[in-house]
Amino acid sequence: MKVTIKLFATFRTGRFGEETRDYNPGITVGDILTELNLPSEEIGATLINHRHVEEDQQLQEDDILSIFPLVGGG
Amino acid sequence: MEEVRSFLRKQAEGDLLPWKQQVFASTFFGLTIGQVEKIALELGFLPSRYQRNRNTISVSDQLRIFKTHVAVIGCGGLGGYIVEELTRLGIGHITAVDPDVFEEHNLNRQLYSSPEMLGKPKVEAAQKRVTEINPAVTLTPLKCAFSTLNGVDILQNVDIVVDALDSITVRLELSDICSEAKIPLVHGAIGGWYGQVSTQFPGEDTLQKIYSRATNGKGVEKGLGNPSFTPAVIASLQVAEVCKIIIGQGSTLAKRKLHINLLDMEIIEIQY
């Protein structure tokens, strides 16, 4: 199944901004974070189709997964 | 007090109260500028300094703004701009909390920093500035670090809290204390070209969701630092949220977060 991944802010560096990839059904947000070498503690938000989801969320065909880094400065 | 009202009625120009008359009333009747401002607004007179607000903020809304007590937690990059804009908006009472003094690495972005202010407390600089630009506003400076030990006391009698902290850990503590005290919290955070804004009302847990994975108290700002423009953008969005909470207009960022990317000029809405 096809899933579009959008990376934001510093996560684009050395990776990509947007890519559509093929995955087997049952793949989770956490699996994709691991594949992209994005450490859990650096993640600010993971969204599927603009809605906040946790790492155990499974993806469906044509989902758009957006991944943002943590922002904490003031 | 009737004498003061009578004086203001005579000196008002249309529905505007000129600054000169506000100062005169303050001196003549032995009142603070803020006390005169409150009486004028209650009579339906708008201090002339707010005349360009009037088609956005009514006189009755300006009175609600004046009666509001806002706490700004953190007085660095975000906090300086937030204090400035709240003061010009006409918030009657601001409590500013920050333990730090200005250092050289603050000079690229912190509004109240300057070479001559190096070594001076940030909250004192904020108080000095507020007195200069809008003497009707009372700023209470608290030179201390916000924590679970003093948080409840600091937020006594506060109506709205603005998060301008630089630590995720302390933010989450602030969020808990605001929830407990049933105070709305306007969250902002910055790092490099990026920033985010959200508003959490009592009973919501947006901050816990935003930072559910955070373990070390810092985000991208640790590597990127912060340039001059990012705090100004995010602080302004936070103050717009404060204004809407007070006057009850428009749509706030409740259960939503805006992620702002100034490098590519993208604004993404995230729903929680």
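If you're wondering where the values come from, they're calculated on a predicted model, not measured in any experiment.

*Asks:* Honestly, the overall build of chain A in this entry has me stumped. Any pointers?
*Replies:* A tally of helices and strands in chain A yields one helix and five strands. Seen in sequence order, chain A has helices and strands lined up from the N terminus as β-β-α-β-β-β. Over its C-alpha trace chain A gives a radius of gyration of 12 Å, about what one expects of a compact globule, namely 11 Å for 74 residues. If one aligns the C-alpha atoms of chain A with their principal axes, the spans along those axes are about 40 × 25 × 20 Å. Considering chain A as a whole, with its 74 residues, one finds that 51% of them fall into the buried category. Carbon and sulfur atoms make up 42% of the accessible area of chain A, which totals about 3,400 Å². Mean positive and mean negative side-chain charge positions of chain A (6 and 13 charges, respectively) differ by 7 Å.

*Asks:* Any chance you could explain the environment of phenylalanine 201 of chain B here in plain terms?
*Replies:* Residue and element names in this part refer to chain B. Tracing the chain through its elements places phenylalanine 201 in the loop between strand 8 (194-200) and helix 9 (206-210). The class for phenylalanine 201 is partly exposed, based on a relative accessible area of 22%. Taking the C-alpha atoms as reference points, phenylalanine 201 and leucine 185, 16 residues apart in sequence, are found 6.4 Å from one another. Setting aside anything within four residues of it in sequence, one finds phenylalanine 201 in contact with Pro184, Ile245, Thr252 and Ala254.

*Asks:* Just to check I follow, could you spell out the packing of aromatic side chains for this structure?
*Replies:* Each aromatic ring pair is specified by the distance between its two centres and by the angle formed by the two planes. Residue and element names in this part refer to chain B. Enumeration over the complete set of coordinates arrives at six aromatic pairs over all chains. Where tryptophan 193 meets phenylalanine 229, the ring centres are 5.3 Å apart and the plane angle is 40°; that geometry is what we call tilted. Of the two residues, tryptophan 193 is situated in the loop between strand 7 (185-191) and strand 8 and phenylalanine 229 in helix 11 (residues 229-247); the sequence distance between them amounts to 36 residues. Note on tryptophan 193: relative accessible area 38%, which makes it partly exposed. On the accessibility criterion, phenylalanine 229 (35% relative accessible area) is partly exposed. Members of the aromatic cluster, joined through ring pairs, are Phe7, Phe24, Phe28 and Phe29. Just above the ring of tryptophan 19 sits the side chain of arginine 49; from NZ or CZ to the centre is 5.8 Å.

*Asks:* Can you walk me through the pattern of salt bridges in this structure?
*Replies:* Pairing between side chains of opposite charge can happen when their charged atoms approach one another. Residue and element names in this part refer to chain B. Following the criterion strictly, the structure yields 18 salt bridges over all chains and no others. Glutamate 2 is paired through a salt bridge with arginine 9; the nearest N and O atoms lie 3.2 Å apart. The class for glutamate 2 is partly exposed, based on a relative accessible area of 46%. The partly exposed category is assigned to arginine 9, whose relative accessible area is 44%. Here arginine 129 ties to glutamate 84 by a salt bridge, and the two come within 2.7 Å at their closest N and O atoms.

*Asks:* Help me understand the layout of surface pockets, please; the structure alone is not making it clear to me.
*Replies:* Size it by volume and the largest pocket reaches roughly 490 Å³. The wall of the largest pocket is formed by 30 residues, among which Asp100, Lys122, Leu165, Asp166 and Lys218 of chain B lie closest to the centre. The residue makeup of the lining of the largest pocket, split by class, is ten nonpolar, eleven polar and nine charged. Here the second largest pocket is characterised by a volume of approximately 250 Å³. Along the walls of the second largest pocket sit 15 residues, with Glu42 and Leu70 of chain A together with Lys218, Gly219 and Val220 of chain B positioned nearest its centre.

*Asks:* Could you clarify how one ought to interpret the domain arrangement of chain B in this entry?
*Replies:* By convention, interface size is frequently given as the accessible area that disappears when the constituent parts associate. All names here are of chain B. Partitioning chain B into domains gives domain 1 (2-62) and domain 2 (68-271). Summarising the inter-unit geometry, the C-alpha centres of domain 1 and domain 2 are found 30 Å apart. Taken together, the twelve residues of domain 1 in the interface contact ten residues of domain 2. Overall, the association of domain 1 and domain 2 removes approximately 780 Å² of surface from exposure, summing both partners, and the carbon and sulfur fraction of that is 49%. Sorting the residues of domain 1 by area buried against domain 2 places Arg49, Tyr50 and Asp61 first, and these three jointly supply 47% of that buried surface. Viewed at the interface, domain 2 and domain 1 are joined by zero salt bridges. For the pair domain 1 and domain 2, the interface holds four residue pairs in polar contact (both at pLDDT 80 or more). Elements that contribute at least two residues to the side of domain 1 that touches domain 2 include exactly helix 2 (19-29), helix 3 (33-42) and helix 4 (59-66). Considering every element that reaches the side of domain 1 that touches domain 2, the biggest residue donor is helix 3, with three residues. For the side of domain 1 that touches domain 2, the class distribution of residues is four nonpolar, five polar and three charged.

Thresholds applied
- Residues numbered from 1 in each chain as written.
- Chains lettered and ligands numbered in written order.
- Predicted model: local features only at pLDDT ≥ 70, side-chain atom pairs only at ≥ 80, totals over all residues.
- Heavy atoms only, no water.
- Helix = DSSP H or I, 4+ residues; strand = E, 2+ residues; numbered from the N terminus.
- Rg over C-alpha atoms; globule rule 2.2 N^0.38 Å.
- Buried < 20%, exposed > 50% of the residue type's maximum accessible area, 1.4 Å probe, protein only.
- Areas by Shrake-Rupley, 256 points an atom, 1.4 Å probe, with all protein chains shown as cover.
- Lys, Arg positive; Asp, Glu negative; His and termini not counted.
- Charge placed at Lys NZ, Arg CZ, Asp CG, Glu CD.
- Contact = heavy atoms within 4.5 Å.
- Phe/Tyr/Trp six-rings, centres within 6.5 Å; stacked < 30°, edge-to-face > 60°.
- Lys NZ or Arg CZ within 6 Å of the ring centre and 35° of its normal.
- Salt bridge = Lys/Arg side-chain N within 4 Å of Asp/Glu carboxyl O.
- 1 Å grid on protein atoms, 1.4 Å probe; cavity = no way out; pocket = protein on both sides within 12 Å on 5 of 7 lines; lining within 4 Å.
- Points joined across faces, edges and corners; volume = space filled by probe spheres on them.
- Nonpolar A, V, L, I, M, F, W, Y, C, P; charged D, E, K, R; others polar.
- Domains from an automatic or database assignment.
- Buried area = accessible area lost by both parts, 1.4 Å probe.
- Polar contact = N/O pair within 3.5 Å; in protein donor to acceptor, adjacent residues only side chain to side chain.

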